Amino acid sequence: MITILVAVVASIVSGPYLLVNTIITGGMLALVATGLTLMLGVLNIAMFAHGEFFMIGSLTAYYVFTPISNYINENPDSFLVVIGPLIAIACAAVIGAISGIVAEKLVFGPLRKRATDNWVMNSFLLTVGLSVLLINLHQLLFGADFKGIVGYWSGMPISIADVFISRDRAMAFVIAAVVVAIFWFFMTYTSTGMAIRAVSQDITGAQIVGIDIEKIVLLTISLACALSAVAGGSLLFMYPSYPTVGLEPLYLAWFVVILSGLGNILGAVAGAFMVALLKAVTVEYIGAGWDFVVPSFLIMFVLIFKPSGIFGSDVRGALDK
Amino acid sequence: MNSTITTSQQVNLFDKLLDKLCLTPAGLLGLILLFALPLIPPFNQEYMLRWLIYCGFIAAMSVGFDFTAGFINIVNFGYAAVSGFGGYTSALLVINAGLSPWLAMAAGGITAGSLGLIIGLISLRLRGIFAACLSWFFGLALMGLATKLVWLTRGPMGLRTPRLFETDSNLPFYFVIIIMLFFIYLVCKWIVRSKMGLAFQAIGQNMDAARTSGINPVYYRVFNFTLSCAIAGVLGGFYAHFYGILTPDVMHTSKTVEVLAVAYIGGRGSLWGGAVIAFPFIFLMEIIRSSLADLPGLNLVIYALVLILVMIYYPGGFAYFYDMNIRKSKNKMLRYFFNGRA
């Protein structure tokens, strides 16, 4: 409620472009944050390397889209003008999912087999190592320079209520909305999605009713990483790919997750828009660069006074240890 | 352990002293080696000395970090930020108030300690990953402040700070950091060996059980945080007055990760593990970084790989390996050498 109020007041005072910014950033943040929430809820992994899958997504999209855009320049009437960016983003999702599976097979799987106690903390530290590894592998293999593109879809910006939104931004929001909708549908209505939710509630219970935990774990991790990679891929025009590009989405996604309660997937979507609004308002009224300070302090207050998040959630007990 | 007690009823003075200093004969030898190191030929060049000082800094940081992470089992993810806060306090006191760098370092420790008091107090209700997140966000906020308060800290342009010694030589700095490392280790070890350390471990393993046995977690947790952050603050002061320049980068999460990696590879809950492992490990990393300059990031790739492998396959780290294999030597002389008599 307060969020909507702030949003309305802010958009009246400083123009609707703030609202548009919020919605676009929020949509993408929702993707990263739902992935993070999924990891937390189902696998009890407090993922520190989630931003790196964002980076993998943007890197893949860059290397897929560059030849496509060269081709488009030569044949401007090709069907790739519309489809090309979507192919790049889809590739990002696939590579993200594959890298998630690789991470599970090489890193989390062995730890799960060996570790018995203190899983949450150990896996968290493991993801810290993974994050450093991926950042520096990127630097080692692809160099530290900015790998960006001018834009996915060229053409006149779309105008809504006196605000000009570039087609890329509009499409980014559309992609985010579609993916979140599909994801929500998948989690709520398909039997696989129900199985994932069952595992997140009670692993032993899920095992008793015959759910293959190994499969669900693999599926979850690949889904979570793919979501993050889609965000990375579709935001390539805003965030060029470089080794540490994932840190900012990571911080923000963690803000979202703390705000909305660990493991609460629908809450994460709402939380993403709140954090995006907070960031937009901070940048607007206090200045650029403060957008870490103010949200950090606010999130700290949430942690202190309502550690289960503003929407509450049940998984906290497992993560308390 | 038992056999040593039966063989010598009265402990001689040397052993008593060693025990008071929390050292084994092997540890003493290591300390002497550290003091002699800058005089041994390959290490007496200035650039190597700079690396060694950085090793010492990370070693001391990892002792302070392990004091929290290894005992009350809370990973202070904003450790580098607290350290940087101490460094900035110290530097600003020297520049604006004309304090001597030595006093300012102590002041940096006190302010960082009070920051630790605050973090300890507000994270009291939180456990595990939540407390880590809180300290992490605290660190992010601090770093954001240091970047944005340009009128005070000059932000990313960097704050020039006077050095501790007026010389160009790095030798005095090296001795200072080794002495600081030793004192930090000593203080932490004394506390850990006392009843308080027992309480820390009880809280770290199971807070509810500890509370049931009459341990007041509030006092112990806050005390632990305060001391660990004060150590970070003093070290941050040293960092500021050694390099002569401070940027908000010293507060970055990646610095915490560096300290964390060393502390965990060394062995959590041992205090000395991180301090011992830091010297060969960080030194090797610096060699790789400087000799393979055309492969940027390779040292950090190795770094992360070692951390991941240790976390999965050998969670006890170097200290566990040492306790299991080297300490239990069959030879009586060697056993004395590695364990001391106490």
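What you see is a predicted model, and the numbers here were worked out from it, not measured in a lab.

## Considering the overall build of chain B
So, step 1. Counting its regular elements, chain B contains 17 helices and two strands.
So, step 2. The C-alpha radius of gyration of chain B comes to 20 Å, within 12% of the 20 Å expected for a compact globule of 342 residues.
So, step 3. Its C-alpha atoms give chain B principal-axis dimensions of roughly 65 × 55 × 40 Å.
So, step 4. Residue burial in chain B is summarised as follows: out of 342 residues, 50% are buried.
So, step 5. For chain B, contacts bridging at least 24 residues in sequence account for 77% of all contacts bridging at least 6.

## A few points about the overall build of chain A
So, step 1. Per the secondary structure count, chain A includes 13 helices and two strands.
So, step 2. Counting all 321 residues of chain A, 50% fall into the buried class.
So, step 3. Pairs at least 24 apart in sequence give 75% of the contacts found in chain A among residues at least 6 apart.

## With respect to the interface of chain A and chain B
So, step 1. Facing the 38 residues of chain A at the interface are 35 residues of chain B.
So, step 2. Mapped onto the side of chain A that touches chain B, the elements with two or more residues apiece are helix 4 (80-114), helix 5 (119-142), helix 10 (247-260) and helix 12 (293-305) of chain A.
So, step 3. No other element matches helix 5 of chain A, which puts 15 residues into the side of chain A that touches chain B.
So, step 4. In terms of residue class, the side of chain A that touches chain B is made up of 29 nonpolar, six polar and three charged.

## Topic: the packing of helix 4 (residues 46-69) of chain B against helix 9 (residues 171-193) of chain B
Residues and elements named next belong to chain B.
So, step 1. Two elements in contact, helix 4 and helix 9, have axes separated by 9 Å at closest approach and are oriented at 15°. Between helix 4 and helix 9, the angle is such that the two are roughly parallel. For the pair helix 4 and helix 9, the sense of crossing is left-handed. Between helix 4 and helix 9, the contacting residues are Leu49, Leu52, Ile53, Gly56, Phe57, Ala59, Ala60, Val63, Gly64 and Phe67 on the first element and Leu171, Phe173, Tyr174, Ile177, Ile178, Met180, Leu181, Ile184, Tyr185 and Cys188 on the second.
So, step 2. A per-class count over the contact of helix 4 with helix 9 returns 18 nonpolar, two polar and no charged.

## Here's the deal with the nonpolar core
So, step 1. Ranked by internal contacts, the top residues of the largest apolar core, which has 218 residues, are Leu29 and Val256 of chain A.
So, step 2. Excluding residues that lie within four positions of it along the chain, Val256 of chain A makes contacts with Leu29, Ala33, Ala268, Gly271, Ala272 and Val275 of chain A.

## A closer look at the packing of helix 13 (residues 253-266) of chain B against helix 16 (residues 317-326) of chain B
All names here are of chain B.
So, step 1. Here helix 13 crosses helix 16 at 15°, and the two axes come no closer than 3 Å. Comparing their axes, helix 16 and helix 13 come out roughly parallel. Residue-level contacts link Tyr264, Ile265 and Gly266 of helix 13 to Gly317, Phe318 and Ala319 of helix 16.

## As for helix 16 of chain B
So, step 1. Regarding helix 16 of chain B, the residues found buried are Gly317, Phe318 and Ala319 of chain B.
So, step 2. Looking at the buried positions of helix 16 of chain B, the neighbouring elements they touch are helix 13, helix 14 (272-291) and helix 15 (298-313) of chain B.

## Some thoughts on helix 12 of chain A
Note: α-helices contain 3.6 residues per turn, so residues at a spacing of three or four share the same orientation.
All names here are of chain A.
So, step 1. The end-to-end C-alpha distance of helix 12 is 19 Å, a good match for the 18 Å that 13 residues give at a rise of 1.5 Å each.
So, step 2. Buried within helix 12 are the following residues: Val293, Pro295, Ser296, Ile299, Met300 and Leu303. Across the axial projection of helix 12, the buried residues extend over an arc of 160°, all falling on one side. Of the exposed residues in helix 12, those oriented more than 90 degrees away from the buried face are Phe301 and Phe305.

## Looking at the environment of Leu40 of chain A
So, step 1. With respect to the secondary-structure elements, Leu40 of chain A resides in helix 2 (residues 17-43).
So, step 2. Along the primary structure Leu40 of chain A and Ser260 of chain A are separated by 220 residues, whereas in three dimensions their C-alpha atoms are 13 Å apart.

## Things to note about the environment of Ile23 of chain A
So, step 1. Structurally, Ile23 of chain A can be placed in helix 2.
So, step 2. For the pair formed by Ile23 of chain A and Met274 of chain A, sequence separation is 251 residues and the distance between their alpha carbons is 9.7 Å.

## Some words on unusual backbone geometry
Excluding glycine, residues mostly have negative phi values, and the peptide bonds linking residues are mostly trans.
Residue and element names in this part refer to chain B.
So, step 1. A positive phi angle, close to 65°, is found at Asn73, a residue other than glycine.
So, step 2. For Asn73, the position within the fold is in the loop between helix 4 and helix 5 (79-97).
So, step 3. In the Ramachandran plot, Leu271 falls in the positive-phi region, its phi being about 65° despite a non-glycine side chain.
So, step 4. Topologically, Leu271 is positioned in the loop between helix 13 and helix 14.
So, step 5. Using a count of 27 C-beta atoms within 10 Å as the deciding quantity, one classes Leu271 as buried.

## Some remarks on the confidence of the model for chain B
Residues and elements named next belong to chain B.
So, step 1. Per-residue confidence for chain B gives a mean pLDDT of 81; residues scoring 70 or more make up 95%.
So, step 2. Within chain B, helix 1 (residues 2-7) has the poorest average pLDDT of any element, 44, and helix 12 (residues 217-243) the best, 88.
So, step 3. Confidence over residues 1-8 falls short of pLDDT 50; this stretch has two contacts with residues more than four positions distant or in other chains.

## Notes on the environment of Gly78 of chain B
Residues and elements named next belong to chain B.
So, step 1. Positionally, Gly78 belongs in the loop between helix 4 and helix 5.
So, step 2. Given 30 C-beta atoms within 10 Å, Gly78 falls into the buried group.
So, step 3. Taking C-alpha positions, Gly78 is 4.6 Å from Trp136, a pair spaced 58 residues apart along the chain.
So, step 4. Beyond its immediate stretch of four places on either side in the chain, Gly78 contacts Ser135, Trp136, Phe138, Gly139, Leu142 and Thr256.

## A few points about the confidence of the model for chain A
Close inspection of predicted coordinates is inappropriate in any region flagged by low pLDDT.
All names here are of chain A.
So, step 1. Taken over all residues, the pLDDT of chain A has a mean of 79, while the share at 70 or more is 83%.
So, step 2. Averaged over each element, pLDDT in chain A is lowest for helix 13 (residues 316-319) (46) and highest for helix 9 (residues 213-234) (88).
So, step 3. Note on residues 314-321: pLDDT under 50 across the span, and 17 contacts to partners over four residues away in sequence or across chains.

Thresholds applied
Per chain, the residues get numbers from 1 upward, laid out in the order the sequence is written. Following the order in which they are written, the chains are lettered starting with A and the ligands numbered starting with 1. Where totals are concerned, whole chains, interfaces and linings use all residues; where local detail is concerned, this predicted model gives features only for residues with pLDDT of at least 70, and gives and counts side-chain atom pairs only at 80 or more. Labels follow the DSSP assignment, with helices taken as runs of H or I lasting at least four residues and strands as runs of E lasting at least two, numbered in each case from the N terminus. Atoms counted for the radius of gyration: C-alpha only. Globule rule: 2.2 Å times the number of residues to the power 0.38. For the exposure call, what matters is how many other C-beta atoms sit within 10 Å of a residue's own: 20 or more marks it buried, 12 or fewer exposed, and in between partly exposed, using C-beta atoms placed from the backbone. What counts as a contact is two residues whose backbone-derived C-beta atoms lie within 7 Å of each other. For this classification, the nonpolar set comprises Ala, Val, Leu, Ile, Met, Phe, Trp, Tyr, Cys and Pro, the charged set comprises Asp, Glu, Lys and Arg, and every other residue, Gly included, is treated as polar. Axes here refer to lines fitted to C-alpha atoms; in helices the fit is confined to the stretch in contact. Angles between the N-to-C directions go from 0 to 180 degrees. Angles are sorted into four bins: roughly parallel if under 35 degrees, roughly antiparallel if over 145, roughly perpendicular if 65 to 115, and oblique for all others. The hand of a helix crossing depends on one turn: near helix anticlockwise from the far one by less than a right angle means left-handed, and clockwise means right-handed. Under the definition applied here, buried Ala, Val, Leu, Ile, Met, Phe, Trp, Tyr and Cys residues are grouped into a nonpolar core through C-beta atoms within 7 Å. Working rule for helices: expected span equals 1.5 Å times residues minus one. The arc refers to the directions leading from the helix axis to the C-beta atoms. Note on scores: pLDDT gives the predictor's confidence for each residue, bounded by 0 and 100.

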